[in-house]
Amino acid sequence: MTKPIAVITGASRGIGAAIAQKLAQDGFHVFINYTSNEAKAAEVQAAIVSSGGTAELCRFDVSQSAQVDEQFQLIQKNAGPISVLVNNAGITCDGLILRMKDEDLRKTLAIDLEGAIYCTRAALKQMVRAKQGSIIQISSVVGEMGNAGQSAYAAAKAGLIGFSKSIAREIGSRHIRVNVVTPGFITTDMTEVLTAEQKEAILRTIPLGLFGNPEDVANLVAFLASPASGYITGQVIGINGGQYM
């Protein structure tokens, strides 16, 4: 039996890597997208294979629409139509708005928002023909509540929410679902740069009193990718320990 295909962008580390491993465990043939760090992506692939799953590396820059279209067409040709797309790739260029550089703004929007739009459009060309599919956008609690010093990132992640709700309305009749996950403070390599004082200050804002981990997000994504969530679309689901309600 042919396995369903799942594509996870930005899957060489952190949340993306955890999602790739979880979906592979659930029976998907996973495409691990990365832009530059092939060694890390290969580690994720090796972990999946050693656990009995199947995965392939897929290098492309989500902010380049031509690359996205080319790679998605190759995936369909060589492996089959995409059943699940997880738009996880993202960056943040933090800084106060009065000091924001145009290049940082453009780069953040290009990867975090435009990249997700390009990938969604490319995947939908396959899903519409198949009349099935699940698209899961990884946004952020910052896109819901805002955060000083992260206005560009917040704009991109909030834009992803509005985009997803619109697409969910457009293609719902084709039995394609689009949902958004908004993680709060999740412990990854990116968050380890914070000082102990910064972490403690964030912890005080979380009612559950603890930080999340990538596997928490992966479990929610796996549910949204499965038939068990077949009547859920156009929703924004927070996973933040109660930091934002």
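Refer to the preceding data block for the structure.
The sections below set out a description of the structure shown in this document. These numbers come from a predicted model, not from an experiment. (Residues numbered from 1 in each chain as written. Predicted model: local features only at pLDDT ≥ 70, side-chain atom pairs only at ≥ 80, totals over all residues. Heavy atoms only, no water.)

Quick word on the environment of Arg177
Link 1 in the chain: For Arg177, the location among the structural elements is in strand S6 (residues 176–183).
Link 2 in the chain: In the structure, Arg177 is positioned 43 residues away from Ser134 in sequence and 4.8 Å away in space, judged by C-alpha atoms.
Link 3 in the chain: If we ignore the near neighbours within four places in the chain, the residues touching Arg177 are Gly133, Ser134, Ile135, Leu224, Ala225, Ser226, Ser229, Gly230, Ile232 and Thr233.
Link 4 in the chain: Here Ser229 takes part through its backbone oxygen, which lies 2.9 Å from a polar atom of the side chain of Arg177. (Helix = DSSP H or I, 4+ residues; strand = E, 2+ residues; numbered from the N terminus. Contact = heavy atoms within 4.5 Å. Polar contact = N/O pair within 3.5 Å; in protein donor to acceptor, adjacent residues only side chain to side chain.)

Re the pairing of strand S5 (residues 133–138)
Link 1 in the chain: Buried residues dominate S5, accounting for six of its six residues.
Link 2 in the chain: Examined bridge by bridge, strand S4 (residues 82–87) and S5 share four bridges and lie parallel to one another. The partner of Leu85 across the bridge, within S5, is Ile135. (Buried < 20%, exposed > 50% of the residue type's maximum accessible area, 1.4 Å probe, protein only. Pairing = 2+ DSSP bridges.)

Considerations on the sheet that holds S4
Link 1 in the chain: Taken together, the seven strands give an open sheet; going across it, the order is S3-S2-S1-S4-S5-S6-S7, and neighbouring strands pair in parallel fashion. The open sheet has two free edges, formed respectively by strand S3 (54–59) and strand S7 (236–239), since each of these has just one partner strand. Strand-to-strand twist in this sheet, taken as the mean axis angle between neighbours without regard to direction, amounts to 20°.
Link 2 in the chain: The pairing of strand S1 (residues 5–8) with strand S2 (residues 29–34) spans four bridges and is parallel. (Axes fitted to C-alpha atoms, helices over the stretch in contact; angles between N-to-C directions.)

Some thoughts on the packing of aromatic side chains
Link 1 in the chain: Here the structure, examined in full by the defined rule, presents two aromatic pairs.
Link 2 in the chain: Seen from their ring centres, Phe60 and Phe72 are 5.8 Å apart, and the 75° between their planes marks the pair as edge-to-face. Placement of Phe60 in the loop between S3 and helix H3 (65–78) and of Phe72 in helix H3 is noted, with a sequence separation of twelve residues between them. The exposure classification of Phe60 matches that of Phe72, with both residues buried.
Link 3 in the chain: Judged by centre distance (4.2 Å) and plane angle (40°), the ring pair of Phe185 and Phe211 falls under tilted. One end of the pair, Phe185, is in the loop between S6 and helix H7 (196–203); the other, Phe211, is in the loop between H7 and helix H8 (214–225), with 26 residues separating them in the sequence. (Phe/Tyr/Trp six-rings, centres within 6.5 Å; stacked < 30°, edge-to-face > 60°.)

Some thoughts on the side chain of Asp112
Link 1 in the chain: Within the secondary structure layout, Asp112 lies in helix H4 (residues 102–130).
Link 2 in the chain: Lys157 provides the closest opposite charge to the buried, salt-bridge-free Asp112, at an N-O distance of 4.6 Å.
Link 3 in the chain: From its side chain, Asp112 meets the backbone nitrogen of Ile91 in a polar contact 2.8 Å long.
Link 4 in the chain: Residues in contact with Asp112, not counting those within four places in the same chain, are Ala89, Gly90, Ile91, Tyr153, Ala156, Lys157 and Leu160. (Lys, Arg positive; Asp, Glu negative; His and termini not counted. Salt bridge = Lys/Arg side-chain N within 4 Å of Asp/Glu carboxyl O.)

Digging into the packing of helix H1 (residues 14–25) against H8
Link 1 in the chain: Interhelical geometry of H1 versus H8 gives an angle of 50° and a closest axis separation of 8 Å. One way to sum up the angle between H1 and H8 is to call them oblique. Judged by the sense of rotation from one axis to the other, the crossing of H1 with H8 is right-handed. Residue-level inspection shows Gly14, Ile15, Ala18, Ile19, Lys22 and Leu23 of H1 in contact with H8, the latter providing Pro214, Glu215, Val217, Ala218, Asn219, Val221, Ala222 and Ala225.
Link 2 in the chain: For the contact of H1 with H8, the class distribution of residues is ten nonpolar, two polar and two charged. (Parallel < 35°, antiparallel > 145°, perpendicular 65-115°, else oblique. Left-handed = near helix turned anticlockwise from the far one by under 90°. Nonpolar A, V, L, I, M, F, W, Y, C, P; charged D, E, K, R; others polar.)

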